[in-house]
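Here is what each chain is made of, one letter per residue.
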Amino acid sequence: MTVIDEIQQDAKQRMRKSVDSLSSELSKVRTGRANAHLLDHVMVEYYGNEVPINQAATVTVEDVRTIAVTPWENSLVPAIEKAIMKSDLGVNPTTAGTVIRVIMPPLTEERRKDLMRIVENEAEKSRVAIRNIRRDANSDFKDLMKEKEISEDEMHQAQGEIQKLTDQFVKEIDSILEQKEKDLMTV
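As the structure is a prediction and not an experimental result, all values here were calculated from the model.

K.L.:
What's the story with the overall build of the protein in this structure? I'm lost.
P.N.:
Looking only at helices and strands, one finds four helices and six strands in the protein. Scanning the protein from its N terminus toward the C terminus, one meets helices and strands in the order α-β-β-β-β-α-β-β-α-α. Taken over C-alpha atoms, the radius of gyration comes to 22 Å for the protein, far larger than the 16 Å a tight globule of 187 residues would show. Dimensions of the protein, computed from C-alpha atoms along their principal axes, come out at roughly 70 × 40 × 20 Å. Put simply, the protein has 187 residues, and 38% of those count as buried. Taking all contacts inside the protein whose residues are at least 6 apart in sequence as the whole, residues at least 24 apart take part in 63%. Taken as a whole, the protein presents about 10800 Å² of accessible surface, with 49% of it coming from carbon and sulfur. Between the centroid of the 27 positive side chains of the protein and the centroid of its 34 negative side chains there is a distance of 5 Å.

K.L.:
Looking at this structure, how should I read the environment of Met15?
P.N.:
Looking at the element boundaries, Met15 is found in helix H1 (residues 3-27). Separated by 54 residues in sequence, Met15 and Val69 place their C-alpha atoms 34 Å apart.

K.L.:
Any chance you could explain the nonpolar core here in plain terms?
P.N.:
It is characteristic of soluble globular proteins that their nonpolar side chains tend to be buried jointly. The biggest cluster of nonpolar side chains holds 28 residues, and the ones touching the most others in it are Ile130 and Phe141. When contributions to this core are tallied by element, the ones reaching two or more residues are H1, helix H3 (109-146) and helix H4 (152-185). Not counting residues within four places of it along the chain, the set of residues in contact with Ile130 comprises Met15, Ser18, Val19, Thr166, Phe169, Val170 and Ile173. With 23 residues, the next largest nonpolar core counts Ala34, Leu39, Ile53 and Ile100 among its residues.

K.L.:
Please clarify how the pattern of salt bridges should be interpreted in this entry.
P.N.:
Pairing is possible between side chains that carry opposite charge, provided their charged atoms lie close to one another. Per the stated rule, a full pass over the model turns up twelve salt bridges. Among the salt bridges present, the one from Asp114 reaches Arg117, with a minimum N-O distance of 2.5 Å. Taken together, the residues span about one helical turn, with Asp114 and Arg117 both in helix H3 at a distance of three residues. On the basis of relative accessible area, Asp114 is assigned to the partly exposed category, the value being 26%. The class for Arg117 is exposed, based on a relative accessible area of 53%.

K.L.:
Would you mind going over the sheet that holds strand E3 (residues 57-63) with me for this structure?
P.N.:
Picture the strands of a sheet paired through backbone hydrogen bonds; they go either parallel or antiparallel. Taken in spatial order, the four strands line up as E3-E4-E6-E5 in an open sheet, and their pairing is antiparallel. The strands lining the two open edges of the sheet, one partner per strand, are E3 and strand E5 (93-96). Each neighbouring strand pair of the sheet contributes to a mean axis angle of 25°, computed without reference to strand direction. Here four bridges tie strand E4 (residues 66-71) to strand E6 (residues 99-103), and the two strands are oriented antiparallel to one another. Residue pairing across strands places Ile67 opposite Val102, the latter belonging to E6. Relative to E5, helix H2 (residues 77-86) is tilted by about 165°, and along the sheet it contacts E3, E4, E5 and E6.

K.L.:
I would appreciate a short explanation of the pairing of E6 in the present structure.
P.N.:
Note on strand geometry: in a regular strand, side chains alternate between the two faces of the sheet. Note: E5 against E6, four bridges, orientation antiparallel. Each residue of the ladder has a partner; that of Pro93, found in E6, is Val102. Where E5 folds back on E6, the antiparallel hairpin that results is connected by two residues, among which Gly97 adopts a positive phi of roughly 70°.

About the thresholds
- Residues numbered from 1 in each chain as written.
- Predicted model: local features only at pLDDT ≥ 70, side-chain atom pairs only at ≥ 80, totals over all residues.
- Heavy atoms only, no water.
- Helix = DSSP H or I, 4+ residues; strand = E, 2+ residues; numbered from the N terminus.
- Rg over C-alpha atoms; globule rule 2.2 N^0.38 Å.
- Buried < 20%, exposed > 50% of the residue type's maximum accessible area, 1.4 Å probe, protein only.
- Contact = heavy atoms within 4.5 Å.
- Areas by Shrake-Rupley, 256 points an atom, 1.4 Å probe, with all protein chains shown as cover.
- Lys, Arg positive; Asp, Glu negative; His and termini not counted.
- Charge placed at Lys NZ, Arg CZ, Asp CG, Glu CD.
- Core = buried A, V, L, I, M, F, W, Y, C linked by side-chain atoms within 4.5 Å.
- Salt bridge = Lys/Arg side-chain N within 4 Å of Asp/Glu carboxyl O.
- Pairing = 2+ DSSP bridges.
- Axes fitted to C-alpha atoms, helices over the stretch in contact; angles between N-to-C directions.

Set out below in structure tokens:
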């Protein structure tokens, strides 16, 4: 594997991580639909430790607007209920025996617009991260050329490959953003 290949592989891995990070962040943004990942960041006390809710209970989607949380132990029901209420989701869970149901209220038009701005901002941060990775790789190629390890033609070809990667990952970000916007605007 040449030095150019190593730089390109590194750039590709870093770009992939940026896109994956965006997907992860956007999965936490509440749409009008129920999504089991919405509760991933909610922490609950479990045997003296703060753990994500999905490590203390089974989280499933019952229907379009309802998330069902089934704690692994009955004693966790009040703690999980309290953790969900204290979260930034703005929802009130209801308990029926050992199952906690979280009903997602429909979003107001104003809240949808706020969430759209947040989602677009996250996507732009990811695009910037991708472009920064491209800049770093191109800088590495220029350094290699200055040190006469690669020719100018090889540098230009490598920069072209990095640009293709950049375009590919930016397109992927745009696709993820478009899907999230569609979810947000669906009433």
